[in-house]
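# Descriptive analysis of the structure
Each chain, letter by letter, is given below.
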Amino acid sequence: MDKLTDLEICKRIAEIEGLIFCTGNRYARIEIRKEGKLYKYSQYNPLTDGALCFKLMVKYKISLIQHQNNNAVYCIWDHDEKHATNTMWNANRSICLAIIQSKEQ
């Protein structure tokens, strides 16, 4: 799971959110369609957009835990530490991976 590229992570999150996914060079671009018509077209990247990532964290009930020695970030879901992601460098990435993993189980 940790080997997903940033674009693959954005795509998986967009799919979980029920958005139509269109690739871009450095970010995911999303087309939102409502009643068959293009409603909104924007950049969508929860890895770089802290506000979006926070909203997703709350929506999917992901808990963020900083490791004691501050060199890792853990995310848990279902209030169960056996369901956990670990990243050494990026909280947003850890949150997104936890959302993806929680939906794959």
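So, how was this worked out
Residues numbered from 1 in each chain as written. Predicted model: local features only at pLDDT ≥ 70, side-chain atom pairs only at ≥ 80, totals over all residues. Heavy atoms only, no water. Axes fitted to C-alpha atoms, helices over the stretch in contact; angles between N-to-C directions. Helix = DSSP H or I, 4+ residues; strand = E, 2+ residues; numbered from the N terminus. Parallel < 35°, antiparallel > 145°, perpendicular 65-115°, else oblique. Left-handed = near helix turned anticlockwise from the far one by under 90°. Contact = heavy atoms within 4.5 Å. pLDDT = per-residue confidence, 0-100. Salt bridge = Lys/Arg side-chain N within 4 Å of Asp/Glu carboxyl O. Buried < 20%, exposed > 50% of the residue type's maximum accessible area, 1.4 Å probe, protein only.

## Quick word on the packing of helix α1 (residues 6–16) against helix α3 (residues 91–104)
In contact at an axis separation of 10 Å, α1 and α3 are set at 50 degrees when each is read in the N-to-C sense. By the angle between their directions, the pair α1 and α3 is classed as oblique. For α1 against α3, the interelement crossing comes out left-handed. Residues D6, I9, R12, I13 and I16 of α1 form the contact with α3, whose own contacting residues are R93, C96, L97, I99, I100, K103 and E104.

## A few points about the confidence of the model for the chain
Across the chain, pLDDT averages 78, with 68% of residues at or above 70. The element-level mean pLDDT for the chain is lowest in strand β6 (residues 80–87), coming to 62, with helix α2 (residues 50–59) highest at 93.

## Digging into the pattern of salt bridges
The final tally for this structure, using the stated rule, is 4 salt bridges. Salt-bridge contacts for R12 lead to E104; the nearest nitrogen and oxygen are separated by 2.3 Å. Of this pair, R12 sits in helix α1 while E104 is found in helix α3, placing the two residues 92 residues apart along the sequence. By relative accessible area, which is 26% here, R12 ends up partly exposed. One salt bridge connects K59 with E17, and the closest N-O pair in it is separated by 3.1 Å. In this pair, K59 sits in helix α2 while E17 sits in the loop between α1 and β1 (20–23), placing the two residues 42 residues apart along the sequence. Look at E17 and you get partly exposed, because its relative accessible area is 25%.

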